[in-house]
There are 2 protein chains.
Amino acid sequence: MYPAELLVNLLHSVAFSGSSDWFSLFPIQLPSIQPLFATVAATDTPLVLAGMLLSLVVIYVSSKIGGELCDRINLPPVLGELVAGVVVGISAFDILVFPGTGEDGSGSLIMTLLKLTSTISPEAVTSIFEAQSEVISVLAELGVIILLFEIGLESDLKELLRVGPQATLVAVVGVAVPFALGTTGLILLFHTPLIPAIFAGAALTATSIGITAKVLAEIQQLTSREGQIIIGAAVLDDVLGIIVLAVVASLAREGTVEIGKVVYLIVSAATFLVGAIWVGRLLIPVFESVVEGMKTRGQLLISALVFAFTLAYIANVIQLEAILGSFAAGLILAESQRRRELEEQIIPIADMFVPIFFIVVGARTDVSVLNPFVPENREGLIVASFLVVVAILGKVVTGLAVFGQPGINRLAIGIGMIPRGEVGLVFAAVGSASGVISKSLNAAIVAMVILTTFVAPPFLRLAFTTSSATAEISEEKAE
Amino acid sequence: MYPAELLVNLLHSVAFSGSSDWFSLFPIQLPSIQPLFATVAATDTPLVLAGMLLSLVVIYVSSKIGGELCDRINLPPVLGELVAGVVVGISAFDILVFPGTGEDGSGSLIMTLLKLTSTISPEAVTSIFEAQSEVISVLAELGVIILLFEIGLESDLKELLRVGPQATLVAVVGVAVPFALGTTGLILLFHTPLIPAIFAGAALTATSIGITAKVLAEIQQLTSREGQIIIGAAVLDDVLGIIVLAVVASLAREGTVEIGKVVYLIVSAATFLVGAIWVGRLLIPVFESVVEGMKTRGQLLISALVFAFTLAYIANVIQLEAILGSFAAGLILAESQRRRELEEQIIPIADMFVPIFFIVVGARTDVSVLNPFVPENREGLIVASFLVVVAILGKVVTGLAVFGQPGINRLAIGIGMIPRGEVGLVFAAVGSASGVISKSLNAAIVAMVILTTFVAPPFLRLAFTTSSATAEISEEKAE
């Protein structure tokens, strides 16, 4: 029987539709508990596949509905995906739920549909539910790895160096001020313990390059002087945010703030990023000639994925995070002559994987803690309001740091830095995952991300309208 | 602790690197066996991700080495991927192995590397090994679903109807003759039982459209009259092969040949395919206007994937196979005005997923049964030789069925139909998975696929060279 089972894993989809009768074999075959795990997984794979296909359909349909609705009202589509995730997840319709909160799959609409359309023994439901949730979770992780690879690929180190000192100062101020204000404010005003306060402060730091760039493109300000500084700072911000994330995640892991550890992590993060980029840039000609030498389909994409996944694995192994590796790989390959070609090929892959990440993030977020009619939620809501104010003020002041650029629209730069996105959500997820931040603080961070993303686009448009008026006045004065 | 664990699943990659200490919590937390599965899976997800990243790197590197080497010696790259899979799999280097043959992961080089670079408790190795194998297996399944979607998308119903009766006759003869010869030959000569004989016979039927089309393109014969008939017949062949697969897989599931069941399956397969295509074609304007109406990134790709995954799920649920659904979805969308655009976006996704399928097929194939120095292997080898002869003869005779085309190169058409590929491998995998065919018969089928794919390209080139000479002579005679 065993040689049969080993291939079920592979092509169950083609082999069995509802072979739950195999299930009755378990109690006899099992020598111990471990093989049970294997046998359950192997035998139920066709149903795991069916569950995964249904989950992906739910994820894609909801992400498109959310994204399109947001796009119609001039908000970034990513925001709609997140909200759509909340709608299909544990907060509302329970279509896409994950194990962990006592869920055994019986409340999941996907498992209900699977039960209706297949013959599943009741005891199989939980294991199929958990196996398909595991697969969707890993796909969501691949989604964030590919997202950061694409962000790296869209970044441009040289352009970044050219917009130079201003962008750096904006980025540093935009990381330092919200972090300091947020952390100290939480400790002093809300008596939050140190680690959760640091986590929430860190979640306030990183501007979403994707959202900011998209908004700037929409209002045709991507190539303006202000736009260049915002993009440059947002790129740097992303790098800083990832380093801060690595530091803070490790703090959460250890439970204390060890200066030695922090220094080690900053050094190793910086070394990894700078080292990977330095060595990687030297290896670009090698990469290009390897790709050039290949004649089979997908030579560029597969080579790039091997590079990205290898760096992601290395980053993971040296106590950093997988996403830092894929981001570094993207930054390196952005220097390649084949960047445009690679970007074109990564776009469909990102389109396929990234929505899984945002929908899963939304689906796992229990926003019921933000319901103001429940008395015990009120502290969380007050914290959320505080975080939103700090998030906005902490970025608006960055415009004041710009020097040597007479007539520049400082307000527009500051507002351009407001939207938090992917990285902020990653902070919330990591903090919640490691158990250091409470459900209400997690929800407050998610609310902050949602709200900053909501307010930035209309404000940015307004700031640039005032900008042109101001610019005309100063030009007149100069004459 | 639970709210923490539920997010580990999502972003473990960013949260924990080697948190095997959580493991010690299990014996206390578990009320029963089922939650063990969930807890193991959730807690070890960062290591599952690390294992998956390593596995993907191994899969991509080996597929490219194999593909490129084959391409250099004028063989189809897909053949190289298969052989590369054999090399990294249980037959040779044990780098990529799967649970089922008593493997607990201790023999896997990937698990060894994972153990070297992380802190994993010994008892965690097996569960991580099995969870990451499950994820890779599901990705391989997604690979074959996407492959068949792409093949459907590259097919053209209208063109097929135009090359018309000749192509149909070639396809039918090319399915009937190898199936009849193979099945009866195995029963009469080798006393194979009915079901395995039918399975092996069915595995001889389907021409690989991908390999054939690629070879024809390489020798610039894709648009010749012979090339058109070959492509048309290969497309039909693929459809017939999938119907035969659905029938045979169900036979394997039930264990007997029930005429009623066969008729039901043929009718439901035909109904599904014809019905899906008929209804689907009516819905194309709806699909196009939905896509047209969307403004966010990936609107075409995501809509197409939702369509493909929905049909795959329906096909799975009505006792057919998921790949039949994705193939039908591809055929339908091939009629859309956005076909080219969609093909371009599917290519990178297929490049990413399809190699996982071929490498995993190879890795799971134990070719040691083909070692002629082991006495008990000899029957398998004799069977393999028989299958290869039938596979070649059964397709070469199809050229004789072409009517009303004076001066056509019948030999070239027959040889063009020889290469078996994806579908033949799917048969071997399904037969092996359902336990109806023995390891040696499985290996014989894989050897047949490998050998037919090996011999076709040089033979086809030769046949077309003779062809031009013959064609010139007949043209001279006509003058």
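Since the structure is predicted, the reported quantities are computational estimates derived from the model, not experimental observations. Along every chain, residues carry numbers that run from 1 in the direction the sequence is written. Think of it this way: whatever chain is written first is A, whatever ligand is written first is 1, and the rest follow in order. Per-residue local features are limited, in this predicted model, to residues with pLDDT of at least 70; the limit for side-chain atom pairs, both in listing and counting, is 80 or more; totals at the level of whole chains, interfaces and linings are taken over all residues. Excluded from the side-chain calculations are hydrogens and water; all other atoms, namely the structure's heavy atoms, are used.

1. Points about the overall build of chain A
Part 1 of the reasoning: Each helix and strand in chain A was counted, giving 19 helices and 0 strands.
Part 2 of the reasoning: The rule is simple: take the accessible area with a 1.4 Å probe, protein chains only, and divide by the maximum for that residue type; under 20% is buried, over 50% is exposed, in between is partly exposed. Taken over 479 residues, chain A has a buried fraction of 65%.
Part 3 of the reasoning: Across chain A, contacts joining residues at least 24 apart in sequence account for 77% of those joining residues at least 6 apart.
Part 4 of the reasoning: Residue exposure ignores everything except the shown protein chains as possible cover, and the areas themselves are Shrake-Rupley values with a 1.4 Å probe. Within the structure as shown, chain A displays about 16,900 Å² of accessible surface, and the carbon and sulfur contribution to it stands at 68%. Numbering goes from the N terminus for both helices and strands, where a helix is a DSSP run of H or I of at least four residues and a strand is a run of E of at least two. Throughout, a contact is declared for two residues whenever any of their heavy atoms are within 4.5 Å.

2. As for the domain arrangement of chain A
All names here are of chain A.
Part 1 of the reasoning: Examined at the domain level, chain A breaks down into domain 1 (2-138) and domain 2 (140-471).
Part 2 of the reasoning: In this complex, domain 1 contributes 26 residues to the contact, which on the side of domain 2 involves 25 residues.
Part 3 of the reasoning: Across the interface of domain 1 and domain 2, roughly 2,300 Å² is buried in total on both sides, 70% from carbon and sulfur atoms.
Part 4 of the reasoning: Every case where a carboxyl oxygen of Asp or Glu lies within 4 Å of a side-chain nitrogen of Lys or Arg is listed as a salt bridge. Across the contact surface, domain 1 and domain 2 share 0 salt bridges.
Part 5 of the reasoning: Secondary structure elements with two or more residues in the side of domain 1 that touches domain 2: helix 4 (45-72), helix 5 (77-88) and helix 7 (122-154).
Part 6 of the reasoning: Here the element with the most residues in the side of domain 1 that touches domain 2 is helix 5; it accounts for 9 residues.
Part 7 of the reasoning: Only Asp, Glu, Lys and Arg are considered charged, only Ala, Val, Leu, Ile, Met, Phe, Trp, Tyr, Cys and Pro nonpolar, and every remaining residue, Gly among them, polar. Residues of the side of domain 1 that touches domain 2, tallied by class, amount to 17 nonpolar, 7 polar and 2 charged. All the domain ranges listed were derived from an automatic or database domain assignment. Buried area adds together the accessible area that both of two parts lose upon being put together, with accessible area traced by a 1.4 Å probe.

3. Brief notes about the pattern of salt bridges
Part 1 of the reasoning: One pass over the full model with this rule turns up 16 salt bridges over all chains.
Part 2 of the reasoning: Notably, a salt bridge pairs Glu343 of chain A with Arg340 of chain A, separated by 2.5 Å at the nearest N-O pair. Placement of the pair is Glu343 of chain A and Arg340 of chain A together in helix 15 (residues 339-364), with a separation of 3 residues, close to one helical turn.
Part 3 of the reasoning: Take Arg340 of chain A: its relative accessible area is 54%, and that puts it in the exposed class.
Part 4 of the reasoning: The partner of Glu292 of chain B in a salt bridge is Arg338 of chain B, with the nearest N and O atoms 3.0 Å apart. Of this pair, Glu292 of chain B sits in helix 12 (residues 259-293) while Arg338 of chain B sits in the loop between helix 14 (322-333) and helix 15 (339-364), and the two are 46 residues apart along the sequence.
Part 5 of the reasoning: Judged by relative accessible area, which is 55%, Glu292 of chain B ranks as exposed.
Part 6 of the reasoning: Three or more residues joined by partner-sharing salt bridges are found here, namely Glu150 and Asp351 of chain A together with Arg297 of chain B.

4. Some words on helix 5 (residues 77-88) of chain B
Given 3.6 residues per helical turn, the α-helix brings residues three or four places apart onto the same face.
Part 1 of the reasoning: Working rule for helices: expected span equals 1.5 Å times residues minus one. With 12 residues, helix 5 of chain B should cover 16 Å at 1.5 Å per step; its first-to-last C-alpha distance of 17 Å lies within 8% of that length.
Part 2 of the reasoning: Listed in full, the buried residues belonging to helix 5 of chain B are Pro77, Val78, Leu79, Gly80, Glu81, Leu82, Ala84, Gly85, Val86 and Val88 of chain B.

5. Points about the packing of helix 15 of chain A against helix 13 (residues 299-317) of chain B
Part 1 of the reasoning: Here the axes come from fitting lines to C-alpha atoms, over the contacting stretch only for helices, and the angles between their N-to-C directions go from 0 to 180 degrees. Helix 13 of chain B packs onto helix 15 of chain A with a crossing angle of 55 degrees between their chain directions and a minimal axis gap of 10 Å. When the axes of helix 15 of chain A and helix 13 of chain B are compared, the pair comes out oblique. Considering only the axes of helix 15 of chain A and helix 13 of chain B, their crossing is right-handed. Of helix 13 of chain B, the residues touching helix 15 of chain A (which contributes Pro348, Asp351 and Met352 of chain A) are Leu301, Ile302, Leu305 and Phe309 of chain B. For this classification, under 35 degrees means roughly parallel, over 145 means roughly antiparallel, 65 to 115 means roughly perpendicular, and everything else is oblique. Crossing handedness is read from the near helix: turned anticlockwise from the far helix by less than a right angle, it gives a left-handed crossing, and turned clockwise, a right-handed one.

6. Considerations on the environment of Ala202 of chain A
All names here are of chain A.
Part 1 of the reasoning: Relative to the elements of secondary structure, Ala202 occurs in helix 9 (residues 194-203).
Part 2 of the reasoning: Along the chain, Ala202 and Ala84 lie 118 residues apart, while their C-alpha atoms are 26 Å from each other.
Part 3 of the reasoning: In this structure, Ala202 is in contact with Phe179, Val244, Val248 and Phe427, ignoring residues within four places of it in sequence.

7. Some words on the confidence of the model for chain A
Close reading of the predicted structure is inappropriate where its pLDDT is low.
Part 1 of the reasoning: Mean pLDDT for chain A: 75, with 75% of residues reaching 70 or above.
Part 2 of the reasoning: Counting interchain partners and residues more than four positions distant, the pLDDT-below-50 stretch residues 471-479 of chain A has 1 contact. The predictor attaches a confidence to each residue, called pLDDT, with possible values from 0 through 100.

8. Comments concerning the side chain of Thr207 of chain B
Residue and element names in this part refer to chain B.
Part 1 of the reasoning: In this fold, Thr207 is placed in the loop between helix 9 (194-203) and helix 10 (209-218).
Part 2 of the reasoning: The exposure class assigned to Thr207 is buried, which follows from its relative accessible area of 1%.
Part 3 of the reasoning: N or O atoms closer than or at 3.5 Å make up a polar contact, with two conditions inside protein: a donor-capable atom paired with an acceptor-capable one, and, for residues adjacent in sequence, both atoms drawn from side chains. There is a polar contact of 2.8 Å between the side chain of Thr207 and the backbone oxygen of Met417.

9. Regarding the environment of Met417 of chain B
Part 1 of the reasoning: Its location among the elements puts Met417 of chain B in the loop between helix 17 (410-416) and helix 18 (422-433).
Part 2 of the reasoning: Beyond its immediate stretch of four places on either side in the chain, Met417 of chain B contacts Val170, Thr207, Ile230, Ala233, Ala234, Asp237, Lys395 and Thr398 of chain B.

10. A word on a nonpolar patch on the surface
Part 1 of the reasoning: Patch building starts from residues that exceed 30% relative accessible area and form no salt bridge, then joins like charges within 9 Å and nonpolar side chains (Val, Leu, Ile, Met, Phe, Trp, Tyr) within 5 Å. A cluster of nonpolar residues, Val274, Trp278, Val279, Leu282, Leu283, Val286 and Val290 of chain A, forms a patch on the protein surface that exposes about 690 Å² of accessible area.
Part 2 of the reasoning: By secondary structure assignment, the location of Leu283 of chain A is in helix 12 (residues 259-293).

11. As for the packing of helix 5 of chain A against helix 15 of chain A
All names here are of chain A.
Part 1 of the reasoning: In the contact formed by helix 5 and helix 15, the axes pass within 6 Å of each other and the chain directions differ by 45 degrees. Accordingly, the angle class assigned to the pair helix 5 and helix 15 is oblique. Two packed elements cross with a definite hand, and for helix 5 against helix 15 that hand is right-handed. Facing Val78, Glu81, Leu82, Ala84, Gly85, Val86 and Val88 of helix 5, the residues of helix 15 in contact are Pro355, Phe358, Ile359, Val361, Gly362 and Ala363.
Part 2 of the reasoning: Class assignment for the residues of the contact of helix 5 with helix 15 results in 10 nonpolar, 2 polar and 1 charged.

12. Some words on the side chain of Ser133 of chain A
All names here are of chain A.
Part 1 of the reasoning: Examined against the element boundaries, Ser133 turns out to sit in helix 7.
Part 2 of the reasoning: A relative accessible area of 1% means that Ser133 is categorised as buried.
Part 3 of the reasoning: Those residues within four positions of Ser133 in sequence are excluded, and the remaining contacts are Val97, Phe98 and Pro99.

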